[in-house]
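# Examining the three-dimensional arrangement
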Amino acid sequence: MIEVRELSASYGAVHALRDVSFTAPTGEVTAVLGANGAGKTTLLRTITGLVRARAGSATYDGRELTRTAPELMPRLGIAHVPEGRGVITELTVEENLRLGGLGRGRGKAGAEQLDRIYALFPAVADRRSALAHTLSGGERQMLVLGRALMAEPTALLLDEPSLGLAPRIVAQLFELVQTLVAEEGLTVLLVEQNARSALSIAHRGVVLSLGRVVVDDRADVLAGDDQLRHAYLGF
Ligand code: ATP
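Keep in mind that this is a model prediction, so the values were computed, not measured.

### Some words on the domain arrangement of the chain
- We note that the domain assignment places domain 1 (1-77 + 155-235) and domain 2 (82-152) within the chain.
- One C-alpha centre belongs to domain 1, the other to domain 2, and the line joining them spans 23 Å.
- Here domain 1 packs against domain 2, burying approximately 1,500 Å² in sum over the two surfaces, 66% of which is carbon and sulfur.
- At the boundary of domain 1 and domain 2, one finds one salt bridge.
- Residue Glu-184 is joined to Arg-116 by a salt bridge in which the shortest nitrogen-to-oxygen separation is 3.0 Å.
- On inspection of domain 1 and its partner domain 2, the count reaches four residue pairs in polar contact (both at pLDDT 80 or more).
- Every element with two or more residues in the side of domain 1 that touches domain 2 is listed here: strand S7 (155-159) and helix H6 (167-184).

### Observations concerning helix H9 (residues 226-233)
- Residues of H9 that are buried: Leu-228, Arg-229 and Leu-233. Along the long axis of H9, the arc covered by the buried residues comes to 100°, so they all point the same way. Residues of H9 that are exposed and point over 90 degrees away from its buried face: Gln-227, His-230 and Ala-231.
- Each element contacted by the buried residues of H9 is listed here: strand S3 (29-33), helix H7 (195-201), strand S9 (204-209), strand S10 (212-218) and helix H8 (219-223).
- At the N-terminal end of H9, a side-chain oxygen is found 3.2 Å from the backbone nitrogen of Gln-227, two or three residues along, and the residue is Asp-225.
- Downstream of H9 by one or two residues, Gly-234 has phi in the positive range, about 70°.

### So, the pairing of S9
- Two elements, S3 and S9, share four bridges in a ladder whose sense is parallel. Residue pairing for S9: Thr-30 is matched across the bridge by Arg-204.
- The sheet contact formed by S9 and S10 spans six bridges and is antiparallel. In the strand pairing of S10, Val-207 is matched with Val-215.
- Counting the residues in the hairpin turn of S9 and S10 gives two residues, including Leu-210, whose phi is positive at 50°.

### Digging into the confidence of the model for the chain
- Overall, the predicted model of the chain reaches an average pLDDT of 93, with 97% of residues at or above 70.
- Model confidence for the complex: the whole-complex pTM is 0.94, and ipTM, which rates the interface, is 0.95.

### With respect to the sheet that holds strand S1 (residues 2-11)
- Spatially, S2-S1-S4-S5 is the arrangement adopted by the four strands of the open sheet, whose pairing is antiparallel. Every interior strand has two partners, whereas the edge strands, strand S2 (14-24) and strand S5 (63-64), have only one.
- In this structure, S1 lies alongside S2, joined through seven bridges in antiparallel fashion. Bridging across to S2, Tyr-11 finds its partner in Val-14.
- On the sheet, helix H1 (residues 40-47) packs against S1, S2 and strand S4 (55-60) and is oriented at approximately 110° with respect to S1.

Each value, and the rule that gives it
Every residue gets a number counted from 1 within its own chain, in the order that chain's sequence is written. pLDDT decides what is reported in this predicted model: residues at 70 or higher carry local features, side-chain atom pairs at 80 or more are listed and counted, and totals for whole chains, interfaces and linings draw on all residues regardless. Just so you know, side-chain values use all the structure's heavy atoms and leave hydrogens and water out. Segmentation into domains, and thus their bounds, comes from an automatic or database assignment. Buried area adds together the accessible area that both of two parts lose upon being put together, with accessible area traced by a 1.4 Å probe. Any carboxyl oxygen of Asp or Glu within 4 Å of a side-chain nitrogen of Lys or Arg constitutes a salt bridge here. We define a polar contact as two N or O atoms separated by no more than 3.5 Å, with the added condition that, inside protein, one atom must be a possible hydrogen donor and the other a possible acceptor, whereas residues neighbouring each other in sequence contribute only through side-chain atom pairs. Here a helix means four or more residues in a row that DSSP labels H or I, a strand means two or more in a row labelled E, and each is numbered from the N terminus. Using a 1.4 Å probe on the protein chains alone, a residue whose accessible area is under 20% of its type maximum counts as buried, one over 50% counts as exposed, and one in between counts as partly exposed. The arc in question is formed by the directions pointing from the helix axis toward the C-beta atoms. Contacts are assigned to residue pairs that have any heavy atoms within 4.5 Å of one another. Following DSSP output, two strands are said to pair if at least two bridges run between them. pLDDT runs from 0 to 100 and stands for how confident the predictor is about each residue. Structural elements are reduced to axes, namely lines fitted to C-alpha atoms, with helices fitted over the stretch in contact, and the angle between N-to-C directions of any two is expressed from 0 to 180 degrees.

Following this line, the structure appears as structure tokens:
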């Protein structure tokens, strides 16, 4: 499980995270929700050591993450998929996927792992020889997720995977995340502005507002709370 305890982070005078505490249980999807600027991206970046924690801790199965170099995350079983779907556009889909195996010390990312990714993402398999810049937004999101899975993580930190995608594609993407969790027991932290979709696959939800946790509860409790939905979740 991922345990976040009294985590705080700042950008100069901007306190982006204030005393954030919650637990993301093993084998579950924990949605991190909240408006623009609530601190969701900063939370993932602080957990993985990209932003320095001013105070507090984040551990994964007891190991401290916030003071571990970001490039060591794959070795701890953590994959961070940042927002923006960054890929190397001049490389093919398959070359991009192979890069995902490197962080864990697998220079020769095996055919076996590639086959597994292609089985999970048939749309990516169909485009394996295409240059990455030719992919649609949805295909590109599948590619960055597949690339992260090449390192065989046990925990996935996903930042706004649904942003800008058509509802049908979002449904496919979230269904896939749900399958991964059910079949492989992955622990997922899912940062989303699309609260309705995120809660439909999440077990728990944590709502941030101005860098603080305002609610931390079961996903069905959050989805069923009209006042909370109107105040913080926008649906
Ligand atoms: P979004 O959905 O827009 O990404 P968010 O919930 O992920 O929002 P953050 O991006 O974590 O929120 O931002 C939290 C706060 O920190 C905001 O007030 C934001 O303006 C500020 N902030 C974020 N990144 C930086 C930065 N690099 N420098 C200064 N302030 C920043």
